[in-house]
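Listed here are the chains, written in short residue letters.
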Amino acid sequence: MLPGAPHVAYRDGLLFVEDCELNALAAEFGTPLYVYSQTAMLASLASYQRALAGRDHLICYAMKANSSLAVLQTFARAGCGFDIVSVGELERAIAAGGDTAKVMFSGVGKTRHEMRRALEVGVLCFNVESEAELDVLSQVAVQSGLTAKVSLRVNPDVDPRTHPYISTGLKGNKFGIAHERAVAAYLRAAALPGLEVTGIDFHIGSQITEAAPYLEALDRLLDLVEGVEAHGIALHHIDLGGGLGITYADEQPPSAEALLSALLERIDERGHSHRRILFEPGRSLVGNAGVLVSEVLYLKPSSVKNFCVVDAGMNDLIRPALYQAWMRIAACTLRDEPPVIWDVVGPVCESGDWLGRERPLAVKAGDCVAVLSAGAYGMSLASNYNSRGRAAEVMVSGADARLIRDREQPADLMHGEHLLD
Ligand code: LLP
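All figures in this text were calculated on a predicted structure; none of them were measured in a lab.

Asker: What is the right way to read the overall build of the chain from this model?
Answerer: Along its length, the chain carries 12 helices and 21 strands. Compactness check: the chain gives a C-alpha radius of gyration of 23 Å against a globular reference of 22 Å for 421 residues, within 12% of the reference. For the chain, the C-alpha atoms occupy an extent of roughly 70 × 60 × 40 Å along the three principal directions. Per-residue burial over the chain gives 53% buried out of 421 residues. The contacts of the chain with a sequence gap of at least 6 include a subset with a gap of at least 24, amounting to 70%.

Asker: Whenever I open this one, the pattern of salt bridges confuses me. Can you help?
Answerer: A side chain of one charge can pair with a side chain of the opposite charge when the charged atoms of the two come close. Counted according to the given criterion, the structure contains 25 salt bridges. A salt bridge links Asp 83 to Lys 64; the nearest nitrogen and oxygen atoms lie 3.5 Å apart. Of this pair, Asp 83 sits in strand E6 (residues 81-84) while Lys 64 sits in the loop between strand E5 (57-62) and helix H3 (69-77), and the two are 19 residues apart along the sequence. Accessibility expressed as a relative area gives 2% for Asp 83, which makes it buried. Arg 188 is paired through a salt bridge with Asp 135; the nearest N and O atoms lie 2.5 Å apart. Here Arg 188 is found in helix H7 (residues 182-191), whereas its partner Asp 135 is found in helix H6 (residues 131-144), with 53 residues between them in sequence.

Asker: Sorry if this is basic, but what is going on with the nonpolar core here?
Answerer: Most often, soluble globular proteins keep nonpolar side chains buried together rather than apart. Tyr 61, Phe 75, Phe 82, Phe 126, Ile 200, Leu 240 and Val 286 are the most contacted members of the largest nonpolar core, which has 104 residues in total. Broken down by element, the residue count for this core peaks at 9 residues, all from helix H8 (residues 212-229). For Leu 240, the contacting residues outside a window of four places in its chain are Phe 202, Tyr 214, Leu 218, Leu 221, Leu 263, Ile 267, Ile 277, Leu 278 and Phe 279. Grouped together as the second largest cluster of nonpolar side chains are 22 residues, Val 8, Val 17, Leu 33 and Val 293 included.

Asker: Looking at this structure, I do not really get the packing of aromatic side chains. What am I missing?
Answerer: Within a pair of aromatic rings, the relevant descriptors are the distance that separates the centres and the angle that separates the planes. One pass over the structure, following the stated rule, counts 5 aromatic pairs. What links up through ring pairs into an aromatic cluster is the set Tyr 61, Phe 75 and Phe 82.

Asker: Looking at this structure, I do not really get the domain arrangement of the chain. What am I missing?
Answerer: By a widely used convention, the size of an interface equals the accessible area lost when the partners come together. Domain assignment breaks the chain into domain 1 (8-37 + 287-414) and domain 2 (106-281). Facing 10 residues of domain 1, the contacting portion of domain 2 comprises 7 residues. Applying the counting criterion to the domain 1 and domain 2 interface returns 0 salt bridges. Remark: the boundary between domain 1 and domain 2 carries 3 residue pairs in polar contact (both at pLDDT 80 or more). A per-class count over the side of domain 1 that touches domain 2 returns 4 nonpolar, 4 polar and 2 charged.

Asker: In this structure, what is going on with the pairing of strand E21 (residues 400-405)? I would like to understand it.
Answerer: Two faces, one strand: in a regular strand the side chains alternate between the faces of the sheet. Note that strand E20 (residues 392-397) and E21 share 5 bridges and pair antiparallel. Along E21, the bridge assignment pairs Ser 397 with Asp 400. Counted between consecutive antiparallel strands, the loop separating E20 from E21 contains 2 residues, among which Gly 398 sits at a positive phi close to 65 degrees.

Asker: Please clarify how unusual backbone geometry should be interpreted in this entry.
Answerer: Of all residues except glycine, most have a negative phi; of all peptide bonds, most are trans. Each neighbour pair has its own omega, and for Thr 31 with Pro 32 the value is -5 degrees, a cis peptide bond. Counting through the fold element by element, Pro 32 comes out in the loop between helix H1 (22-29) and strand E4 (33-37). You will see that Ser 373, though not glycine, has its phi angle at about 55 degrees, which is positive. One can find Ser 373 in the loop between strand E19 (368-371) and E20. Here Ser 373 falls in the buried class, since its relative accessible area comes to 3%. In this model, Ser 387 sits at a positive phi of 50 degrees, which is unusual for a non-glycine residue. Among the secondary structure elements, Ser 387 is positioned in the loop between E19 and E20.

Asker: Honestly, H7 in this entry has me stumped. Any pointers?
Answerer: Because each turn of an α-helix spans 3.6 residues, side chains separated by three or four positions end up pointing in the same direction. Within H7, the full set of buried residues consists of Ala 182, Ala 185, Tyr 186 and Ala 189. One side of H7 holds all its buried residues, which, seen down the axis, span an arc of 100 degrees. Buried positions along H7 lie against H6, strand E9 (148-155), strand E10 (177-178), strand E11 (195-201) and H8.

Asker: Can you help me understand the pairing of E9 in this one?
Answerer: Counted residue by residue, E9 has 7 buried out of 8 residues, so it is predominantly covered. Relative to E9, strand E8 (residues 125-128) is paired through 3 bridges, and the arrangement is parallel. For Val 128, the partnering residue across the bridge sits in E9 and is Leu 152. Here E9 runs beside E10; their pairing, made up of 2 bridges, is parallel. Residue pairing for E10: Asn 155 is matched across the bridge by Ala 178.

Asker: Please explain the environment of Ala 178 as it appears in this structure.
Answerer: Within the element layout of this structure, Ala 178 appears in strand E10. Taking the relative accessible area as the measure of exposure, Ala 178 reaches 29% and is therefore partly exposed. Considering only alpha carbons, one finds Ala 178 and Leu 192, 14 residues apart in sequence, at a separation of 20 Å.

Rules and cut-offs
- Residues numbered from 1 in each chain as written.
- Predicted model: local features only at pLDDT ≥ 70, side-chain atom pairs only at ≥ 80, totals over all residues.
- Heavy atoms only, no water.
- Helix = DSSP H or I, 4+ residues; strand = E, 2+ residues; numbered from the N terminus.
- Rg over C-alpha atoms; globule rule 2.2 N^0.38 Å.
- Buried < 20%, exposed > 50% of the residue type's maximum accessible area, 1.4 Å probe, protein only.
- Contact = heavy atoms within 4.5 Å.
- Salt bridge = Lys/Arg side-chain N within 4 Å of Asp/Glu carboxyl O.
- Core = buried A, V, L, I, M, F, W, Y, C linked by side-chain atoms within 4.5 Å.
- Phe/Tyr/Trp six-rings, centres within 6.5 Å; stacked < 30°, edge-to-face > 60°.
- Domains from an automatic or database assignment.
- Polar contact = N/O pair within 3.5 Å; in protein donor to acceptor, adjacent residues only side chain to side chain.
- Nonpolar A, V, L, I, M, F, W, Y, C, P; charged D, E, K, R; others polar.
- Pairing = 2+ DSSP bridges.
- Arc of directions from axis to C-beta.

What follows is the structure, given as structure tokens:
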């Protein structure tokens, strides 16, 4: 078993996801290849469900982490709703069999067209991020003859102590309505036609590895709930966002069960047990469930640095290039040879195209390596840069491996383009 990835393990020197051997999957489906453990996804969800059992609650999977249809279908069948941020994500949720009454629509830049479509299909609520958005949503709802259920995303000004690109609940971030403006914004929402206030939410950041910032944000949120209700505006639900971190290297985040238990205890202590509780987890449901398998194309040792050139690049997995994220890289076949220190790089024409730096690996050209904990923000952030088709994806359950997305071909990449004449 490898750290943080309980469903990825070596057996007799070969790397497996559940009961599927990765070299065999690479031979069958080609590389680069994303491989997901469905059991791992459901086990992560179960940790949330255990803590919330017996409460009125809804877990809305934040599909930006991985919006492949079979992944969405897995969570929809398990009873999850979805947290979406675009009409594209909404259509995916519907295509995967998701219940639109369990969809919440987040994001700072919803367009009128997106609002209209979400109203038509009857989403659970809009997580509104500004007072200007309230006005537009009210207009769209009135024009459509429908009522928009609204939760205000409040920016609690709490430091989640994570990477600056993925911290969202600080005053300087573009997200949410400032804490001190929140009561006024609720009064405005309650007065506007076409809107029905139903809840309140925060999301303070991503890859958070401690409970303390959540508890701090929760306390501030509950203060607000009390302040808002003092004006006669009822808040039926509290949405505590997503953001729980996973183990990439040696991080030790609390389990979902432990984090939620601490939050629910605080909610009960402060007399808010009657409210419906919502969560929007992304990474913690899928991150450790996925690996990216890639073939070693060339070994390029030099006097300064050794490069191990693999066939997956920053277009397939951008987290190392974008956030300097450290993601474990494991050989799919253990060789009985001393490891050499390599920079594992992709084929894209950018010096920033690396997957891991200074990694001890015993590999030869033609071997496969797996980047671990790649189930979240891997495929969903993949691009076609350098006109590279996106990878294929496989969902594993026990010994069963299903292709859930074909590898993109050059014709797919040119689809919808037009020559001048
Ligand atoms: N809810 C909202 C409103 C969000 O903005 C996000 C993530 C989530 C829920 C889910 O957060 P999670 O549970 O996955 O941490 N690409 C970055 C992460 C960006 C997160 C954006 N928002 C990465 O690869 O680290």
